[in-house]
Amino acid sequence: MGRDVGFGVVGCGVVSGYHINGILETPGARLAAVSDVVEGRAREFGERHRVAWTTDYHDLLKREDIQVINICTPNGMRLPLAEEAARAGKHLVIEKPIAISLKETDRIITACARAGVHLMCVFQLRYGKAASALRKAVQEGQLGRVVLGDAYIKWFRPQAYYESAAWRGTWAQEGGGALMTQGIHTVDLLQWIMGPVRSVTARMGALVHRIEVEDTIVATLTYASGALGVIEATTAAHPGLPARIEVCGDRGTVALEADQIAIWQVEGVERPLLTGEASDVGKAASDSKTFGAEGHRAQIAEMVEVVRTGKRPTIDGPEGRKTVELVLAIYESARTGKAVDLPLG
């Protein structure tokens, strides 16, 4: 299969642990170095995993033994790094969202295309077995005419969570709150299962936390298929419930909770027998450090194959852009009080 693919991780916050574990646990992947602007964090991660560490990500871009850069920096800080890494010939794995605006997202996609490098956006919940089973059921028409597709992310984060880093809870660096940061994974699953959204209306507010962005948001959706739907996302629902997706058709209904099937009532179709680790065991509803790791491992394994074979990533730049656009459309509707059509102009 050739030599191991070298990965360099930039940003040593909470989410980087999932990337690093995915690299360490994937055959053919090798963690080469880590970087963080905070020296203590960079050193701690580097020494823990016995790899080189630095406070200047440019050091990683110069290394010939690194083929992939994993970008785990705050949402609003990714554009310069991504463009420079692409120009340096590095493939990119970018934690969700790719960026916090469509302009920045498109610049990153364009930079990768011009440099001839691959871009993978992390939406690891798509690799869950229950989510894949539901998508297959919808695509094959097993639920009949689908009339509703809903997502509920009723999580809890204490005020201390937002105060743990200066970028949290800000429009400039986080790009949003309960929807952009916590809800975006489930929103991505919803549009992946249901297909394109054509119109949204929304309301939002910071009802509990002292933050710029929303901690509670509700949106209604009209899909291109004609189906309707609802998205509810909050970080103010104590103690927090597992994220849930419900899809209803005139021949059946399926509900998922944390990538496990909660309801499967479909005419003539037995409930799938699924085995293996769930992508999200539900604890993430109240603790940002307790996501399952299976999805990140799957994406790292796919990136190894991408580098070796040149195949296109399943969740490439244009695919990851879809969810950013949907989230931004919901925010625009919430700000203006008007319905917003997609695609955005």
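Attention in this report is confined to the structure presented alongside it. Model, not experiment: these values are computed from the prediction. (Residues numbered from 1 in each chain as written. Predicted model: local features only at pLDDT ≥ 70, side-chain atom pairs only at ≥ 80, totals over all residues. Heavy atoms only, no water.)

## Structural notes on the environment of Ile 315
One can find Ile 315 in the loop between α9 (294–309) and α10 (317–336). Ile 315 sits in the buried class, given a relative accessible area of 0%. When the C-alpha atoms of Ile 315 and Ala 32 are compared, they prove to be 24 Å apart, with 283 residues separating the residues in sequence. In this structure, Ile 315 is in contact with Leu 119, Met 120, Cys 121, Phe 123, Arg 126, Tyr 127, Gln 299 and Gly 320, ignoring residues within four places of it in sequence. (Helix = DSSP H or I, 4+ residues; strand = E, 2+ residues; numbered from the N terminus. Buried < 20%, exposed > 50% of the residue type's maximum accessible area, 1.4 Å probe, protein only. Contact = heavy atoms within 4.5 Å.)

## Looking at unusual backbone geometry
With an omega dihedral of 5°, the bond running from His 238 to Pro 239 counts as a cis peptide bond. With an omega dihedral of 0°, the bond running from Leu 342 to Pro 343 counts as a cis peptide bond. Within the secondary structure, Pro 343 is located in the segment after β14 (340–341). The backbone of Arg 50 sits at a positive phi, close to 60°, despite the residue not being glycine. Structurally, the position occupied by Arg 50 is in the loop between α2 (39–49) and β3 (52–54). Arg 50 gets classed as exposed once you look at its relative accessible area, which sits at 79%. A positive phi is found at Asp 259, a non-glycine position, where the angle reads about 55°. Within the secondary structure layout, Asp 259 lies in the loop between β12 (252–257) and β13 (260–266). Judged by relative accessible area, which is 14%, Asp 259 ranks as buried.

## Describing α10
The end-to-end C-alpha separation of α10 is 28 Å, in line with the 28 Å expected for 20 residues at 1.5 Å each. With 14 of its 20 residues buried, α10 lies for the most part within the structure. The opening residue of α10, the one whose side-chain oxygen lies 3.0 Å from the backbone nitrogen of Glu 319, is Asp 316. Where α10 terminates, the next one or two residues include Gly 337, which has phi positive at roughly 75°. (Expected span 1.5 Å × (residues − 1). Polar contact = N/O pair within 3.5 Å; in protein donor to acceptor, adjacent residues only side chain to side chain.)

## Regarding the pattern of salt bridges
For side chains bearing opposite charge, pairing can occur when the charged atoms are close. One pass over the full model with this rule turns up 20 salt bridges. Across the pair Lys 322 and Glu 319 runs a salt bridge, and its minimum N-O distance is 3.0 Å. Here the residue Lys 322 and the residue Glu 319 both occupy positions in helix α10, the gap between them amounting to three residues, near one helical turn. Note on Lys 322: relative accessible area 41%, which makes it partly exposed. With relative accessibility at 16%, the residue Glu 319 sits in the buried group. (Salt bridge = Lys/Arg side-chain N within 4 Å of Asp/Glu carboxyl O.)

## Some details on the side chain of Arg 126
Among the structural elements, Arg 126 can be located in the loop between β6 (119–122) and α6 (129–139). Under the relative-accessibility criterion, Arg 126 is labelled buried at 6%. Ignoring sequence-local partners within four residues, the contact set of Arg 126 consists of Ser 132, Asp 188, Leu 189, Gln 191, Trp 192, Ile 315 and Glu 319.

## Details of the sheet that holds strand β1 (residues 5–10)
The six strands lie next to each other as β3-β2-β1-β4-β5-β6, forming an open sheet whose pairing is parallel. Single-partner strands in this sheet number two, and they are β3 and β6. Each strand of the sheet is rotated relative to its neighbour by a mean of 25°, with strand direction disregarded. Sheet contacts for α2: β2 (29–35) and β3; angle to β3, the most-contacted strand, approximately 175°. (Pairing = 2+ DSSP bridges. Axes fitted to C-alpha atoms, helices over the stretch in contact; angles between N-to-C directions.)

## Brief notes about the side chain of Ser 199
Structurally, Ser 199 can be placed in strand β8 (residues 197–205). A distance of 3.4 Å separates polar atoms of two side chains, one belonging to Ser 199 and the other to Asp 341. Look past the residues within four positions of Ser 199 in its chain and what remains in contact with it is Thr 220, Leu 221, Thr 222, Ala 339, Val 340, Asp 341 and Leu 342.

## A look at the packing of aromatic side chains
Overall, the coordinates contain two aromatic pairs when judged by the stated rule. Where Tyr 161 meets Tyr 162, the ring centres are 5.0 Å apart and the plane angle is 80°; that geometry is what we call edge-to-face. Using a relative accessible area of 11% as the deciding quantity, one classes Tyr 161 as buried. Residue Tyr 162 is classed as buried on the basis of its relative accessible area of 4%. With a centroid separation of 5.1 Å and an interplanar angle of 85°, the aromatic rings of Trp 171 and Tyr 331 are classed as edge-to-face. (Phe/Tyr/Trp six-rings, centres within 6.5 Å; stacked < 30°, edge-to-face > 60°.)

All we've got here are geometric facts, nothing functional implied.
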